[in-house]
Structures are given as structure tokens and as C-alpha cells.
Amino acid sequence: MNALFEMSKLYDCRDAFVGALEELGANDSDIVAVCNDSVGSSKLAGFRDKFPERLINVGIAEQNMVGVGAGLANGGKVPFVCGASPFLTGRALEQIKADVAYSETNVKLVGISSGMAYGELGATHHSIEDFAWIRALPNVPVIAPADRAETAAAVKWAAHYNGGCFLRLSRVGVPDLFPEDHVFEPGKANLLRDGKDLTIIANGTLTHRALRAAALLEGRGVSARVLNMATVRPIDSDAIVQAAEDTGAILTCEEHTVFGGLGSAVAEVVVDERPVPMKRLGVPGVFAPTGSANFLLDEFGMSPDGIADSATALLARKR
């Protein structure tokens, strides 16, 4: 696993998403895509060309897009409703609540360019609240894959899952972490590196940074466990409790505000089941400024060095 994440080549998980969607579409005529004038940013051009009658572009009308998706699901289709994550989750939250979660419809919500992927476009385009908004709703698993293999596996799982779900995808390149035949299991964390001194829990674009931080910590004499927690809801409580018992401290990292996201979900388990020192790394309750996604992550202390420094500080509390 470590040899894989040290590879310098980075991949856009949107390519894995559309590759899996086109494969699914070729084998199941009920697979459809719905988008909000986002064929380009969702990379759906290939799906459109292969299945022109199965791509519905509603224009810049996110509330309508979710409603159309719910109607298609009620008609027996399997809709993947795709749009920029800040607008899909923010603008259409009421429709997601009523038409997907409450109605328990079979709609696959795909938040494209999530987190701070639209960094240069500023705070209006940052999607650093989507975990919190969707995680609060019943009946909608919340998933943030860490690389292209996990993305493809999660898309295939979603297509066969009978119910709504939210897939959070970034456009920021990430290295390969999992083998091509990786099988996604909802609600199950992946142990990427074992350790005994503390546990780092991350997902999405932060997982490979957490692994790099663990390598840096090894040079400081610190043994760090790394868990990839792709599913924010349902959360893998057993893995969290085991990490607390085995390592005695937990650091979470996410491309999201520290309120209501992965760190909060982990903290809820920790405080209820096995209290240990914790630190939540993320956007600290502010509107993120303008800048590239990688720059912003570094600025908020989530470079590999920054994560390692936070882990070192957390260990001081543990002692």
C-alpha cells in the first residue's frame, strides 16, 4: 500500500466515475444520468454520446434536477443526479430531504468538484458543508472515495443499492491507493497502515496526505495507524472504538468544515463509546478564501507536514 501512494502520478476521480457509469449503462438500460448544465464538469459527454436518450440536462435548476431524479426513480429508473456539490447540496437541500431521504427514492446524488476543488472561484463555490447537510438526513449514505478504484467501486455499489445515497467526488488529482479490483463496503473503514501511538482518520482527497503524514511521523519515532473512512454515514463505529482502544488518540482530516463532518461523526462515537484525546483537522469554521485546493488545504494545516505536526501535538495531550 505504501509503495502505491508514493507514486507521483495523480488521477481525476471523475474519470473513474464516468467509466463505471458507462460500464453500468451498457449492461442496464435503466441507468440514467441527470445534470444541471454540467455535462462538461461532470464529464458526462461519453455517457451522452453512448446513451443520448438517457442523459437529461435540466439546465441550471438544481431543485428541479433532484425532483426529476426522484420521478425517474419512481418510474423504475436508476438515476445518477450529478452537479457541482455546493449547488446540488446547498440549493436543492429541501428536495433532497423531501424527495430522496423522506420518500426513500432510489436516487444516486453525485456531488462533483466537492470540498475546495473550485478553489479559485471562492467561497460561493466551496462545498465544505455538504457532509454536515446530508449526514443529518436519514436514509442517505454519505460516501467520499479516496481514489479512482474506490470511486468506481462505490459507483457500482450505488447502482445496485436500493435507496438514495450521496457520492462526494473531487476534481483534484489523487494517487492510486487501492487495487483495481477493490470492493467497496459501506460503513466499513479500510486499514491502510497499522500503528500503535495514534490513529489518523481521513477520506477523499485527504487520505493520501494522511498516509504521507504517517510516513513522516515514522521518521520522528511515532507509529501512526491510518484509516480510510470513506463512509461518513453510516460510520464504522467498531473501527473507531478499536482505534481508540489500541492507540489512545485520534486525529481526523477532512476537506470540510470541522463542524458536522467526518471529525464530528468520529467524535460522536468517541465521546459515547471510548473517550480519548482527539483533534479535528479541517476548515476551522470560516469561509475558505480564494486559492487552489492544494494551497487551501496546506493553509489550513492539512499538508502532510501539517498533519504530522498536529499528530505530534496531539500525542503531547495523550501523555
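Throughout, residues of each chain are indexed from 1 in the direction in which the sequence is written. Whole-chain, interface and lining totals are the exception, using all residues; otherwise, since this is a predicted model, local features are given only for residues with pLDDT of at least 70 and side-chain atom pairs are given and counted only at 80 or more. The basis for every side-chain value is the complete set of heavy atoms in the structure, and neither hydrogens nor water enter the calculation.

Participant: Give me the overall build of the protein: which residues, what numbers.
Facilitator: Going along the chain from the N terminus, every DSSP run of H or I of four or more residues is numbered as a helix, and every run of E of two or more is numbered as a strand. When you go through the protein residue by residue, the secondary structure sums to 13 helices and twelve strands. What the globule rule says is 2.2 Å times the number of residues to the power 0.38, and the radius of gyration is computed from C-alpha atoms. A globule of 319 residues ought to have a C-alpha radius of gyration of about 20 Å, and the protein, at 19 Å, matches this closely. Each principal axis of the C-alpha distribution contributes one length, and for the protein these read about 60 × 40 × 35 Å. Partly exposed residues are those whose accessible area sits between 20% and 50% of the maximum for their type, while under 20% is buried and over 50% is exposed, using a 1.4 Å probe and protein chains only. When burial is assessed residue by residue, the protein has 61% of its 319 residues classed as buried. Residues count as neighbours in contact if any of their non-hydrogen atoms are within 4.5 Å of one another. For the protein, restricting intrachain contacts to residue pairs at least 6 apart in sequence, the fraction spanning at least 24 positions comes to 78%. Here the accessible surface of atoms and residues is derived via Shrake-Rupley with a 1.4 Å probe, and residues count as covered only by protein chains that are part of the display. Counting every atom, the protein has about 12300 Å² of accessible surface; 50% of that belongs to carbon and sulfur. A gap of 3 Å separates the mean positions of the 29 positive and 39 negative side-chain charges of the protein. Charged residues are defined narrowly, with Lys and Arg counted positive, Asp and Glu counted negative, and His plus the chain ends left uncounted. A charged residue contributes its charge at one atom only: NZ of Lys, CZ of Arg, CG of Asp or CD of Glu.

Participant: Summarise helix H6 (residues 93-102); cite the residues concerned and give the values.
Facilitator: Every buried residue of H6 is listed here: Gln95, Ile96, Val100 and Ala101. Each buried residue of H6 sits inside an arc of 155° when the element is viewed along its axis, so together they form one side. The exposed set on the far side of H6, more than 90 degrees from its buried face, consists of Glu94, Lys97 and Tyr102. Elements in contact with the buried residues of H6: helix H4 (62-74), helix H5 (85-90), strand E4 (108-112) and helix H7 (130-135). Count one or two residues on from H6 and you reach glutamate 104, which has phi positive near 55°. What the arc measures is the spread of directions leading from the helix axis to the C-beta atoms.

Participant: How would you explain the packing of aromatic side chains if you had to name every residue and give the values?
Facilitator: Two rings from Phe, Tyr or Trp (for Trp, the six-membered ring) form a pair when their centres sit within 6.5 Å of each other. Planes less than 30 degrees apart are called stacked, planes more than 60 degrees apart edge-to-face, and all others tilted. For the coordinates displayed, the defined rule picks out three aromatic pairs. Pairing tryptophan 157 with phenylalanine 184 gives two aromatic rings, centres 5.6 Å apart and planes at 65°, and the pair type is edge-to-face. Taken as a pair, tryptophan 157 in helix H8 (residues 148-160) and phenylalanine 184 in the loop between strand E6 (165-168) and strand E7 (190-193) lie far apart in primary sequence, 27 residues in all. A single burial state applies to tryptophan 157 and to phenylalanine 184, both of which are buried. Among the aromatic residues, those joined into a ring-pair cluster are Trp157, Tyr161 and Phe184. The positively charged end of arginine 54 is found above the aromatic ring belonging to phenylalanine 51, 4.2 Å away from the centroid. Here arginine 168 stacks its cationic end above the ring of phenylalanine 131, 4.2 Å away from the centre of that ring. Counted as over-ring charges are cases with an Arg CZ or a Lys NZ within 6 Å of the ring centre that also lie within 35 degrees of the ring normal.

Participant: Explain the nonpolar core to me, using residue names and the numbers behind them.
Facilitator: Residues belong to a common nonpolar core when they are buried Ala, Val, Leu, Ile, Met, Phe, Trp, Tyr or Cys residues joined through side-chain atoms within 4.5 Å. By size, the foremost hydrophobic cluster in this structure holds 39 residues, and its most contacted members are Leu109, Ile201, Ile240, Ile250 and Val266. When residues of this core are traced back to their parent elements, those giving at least two are H4, H6, H7, helix H10 (237-247) and helix H11 (262-273). Residues in contact with isoleucine 250, not counting those within four places in the same chain, are Thr199, Ile201, Ile240, Ala243, Ala244, Val266, Val270, Val276, Pro277, Met278, Lys279 and Leu314. Membership of the second largest hydrophobic core comes to 34 residues, among which are Phe178, Ala213, Ala214 and Val222.

Participant: I'd like to hear about helix H9 (residues 207-219), residue by residue, with values.
Facilitator: The length a helix should cover is 1.5 Å for every residue beyond the first. For H9, which comprises 13 residues, the first-to-last C-alpha distance of 19 Å matches the rise-based estimate of 18 Å (1.5 Å per residue) to within 8%. For H9, the set of buried residues is Thr207, His208, Arg209, Ala210, Leu211, Ala213, Ala214 and Leu217. One or two steps after H9, the chain reaches glycine 221, where phi turns positive at roughly 80°.

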